[in-house]
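One-letter residues, chain by chain:
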Amino acid sequence: GLELVEENVKKCIYKGLSVIEGNAETELHQFPNQSFDFVILSQTLQAFYNPEKVLKDLLRVGKSVVISIPNFGYWKVRTKLLFFGKMPVTKTLPNTWYNTPNLHMCTIKDLFDFCLEKNIKINKVVGVNEDKTSEIKKSNLEMKNLFSKLGIFLLS
């Protein structure tokens, strides 16, 4: 794995996991094309300055890419902003506006549309809400975007 935070690198090593301390935004270039069967990016795409470049590099390095994102389109997030006029704090978005690592507010629909626009193959999309998961397709995208806390994409 590639991990930015030194303390997390130590935890990984302690658990016997292979890890390199580094920044995915600036250091993926050193990995050869298709060097991994799967590349996983968990809830950090929205925190990169240039998520398009990171996604392009992930697709180059991995044969398949799994990306999970917190869904800013989830109904509770929308409702808190609409009724209270403040950026919401939730289980999946636990930071306030001034200390959040999130630079890009992204919904499941945003990433879905981005992949279509950039000709990135979407193999599967799953919406997660509490302990329930459901497959997301173009035909149910609007509803799943509204009722999923997280989105998980399998891309190639």
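Scroll up to find the structure this text is about.
Residues numbered from 1 in each chain as written. Predicted model: local features only at pLDDT ≥ 70, side-chain atom pairs only at ≥ 80, totals over all residues. Heavy atoms only, no water.

### Focus: helix α5 (residues 108-117)
The periodicity of an α-helix, 3.6 residues per turn, causes residues three or four places apart in sequence to face the same way.
Thinking step 1. Buried within α5 are the following residues: Ile-108, Leu-111, Phe-112 and Cys-115. Taken down its axis, α5 places every buried residue within 100° of arc, on the same side.
Thinking step 2. Close packing links the buried residues of α5 with β4 (62-70), β5 (122-129), α6 (141-147) and β7 (150-155).
Thinking step 3. Phi turns positive one or two residues past the end of α5, at Asn-119, with a value near 60°. (Buried < 20%, exposed > 50% of the residue type's maximum accessible area, 1.4 Å probe, protein only. Helix = DSSP H or I, 4+ residues; strand = E, 2+ residues; numbered from the N terminus. Arc of directions from axis to C-beta. Contact = heavy atoms within 4.5 Å.)

### Here we look at the pairing of β7
Thinking step 1. Across six bridges, β4 lies against β7 in antiparallel orientation. Note on β7: the bridge partner recorded for Ser-68 is Ile-152.
Thinking step 2. Sheet topology places β5 next to β7; six bridges connect them, and they run antiparallel. Bridging from a neighbouring strand, Val-128 pairs with Leu-150 of β7. (Pairing = 2+ DSSP bridges.)

### Details of the pattern of salt bridges
Thinking step 1. Under the criterion given, the structure shown has seven salt bridges.
Thinking step 2. In this structure, Glu-6 engages Lys-10 in a salt bridge whose closest nitrogen and oxygen atoms are separated by 3.7 Å. Taken together, the positions of Glu-6 and Lys-10, both in helix α1 (residues 6-14) and four residues apart, correspond to about one turn of that helix.
Thinking step 3. In this structure Lys-10 comes out as partly exposed when scored by relative accessible area, which is 47%.
Thinking step 4. The salt bridge partner of Lys-53 is Asp-57, with a shortest N-O separation of 3.1 Å. Taken together, the residues Lys-53 and Asp-57, both in helix α3 (residues 51-61) and four residues apart, mark about one turn of the helix.
Thinking step 5. Residue Lys-53 is classed as partly exposed on the basis of its relative accessible area, which comes to 38%.
Thinking step 6. According to the relative accessible area criterion, Asp-57 is buried, its value standing at 13%. (Salt bridge = Lys/Arg side-chain N within 4 Å of Asp/Glu carboxyl O.)

### Regarding the side chain of Thr-107
Thinking step 1. Examined against the element boundaries, Thr-107 turns out to sit in the loop between α4 (75-84) and α5.
Thinking step 2. A polar atom in the side chain of Thr-107 sits 2.9 Å from the backbone nitrogen of Asp-110.
Thinking step 3. Excluding anything up to four places from it in sequence, Thr-107 contacts Ile-69, Asn-71, Phe-72, Gly-73 and Asn-145. (Polar contact = N/O pair within 3.5 Å; in protein donor to acceptor, adjacent residues only side chain to side chain.)

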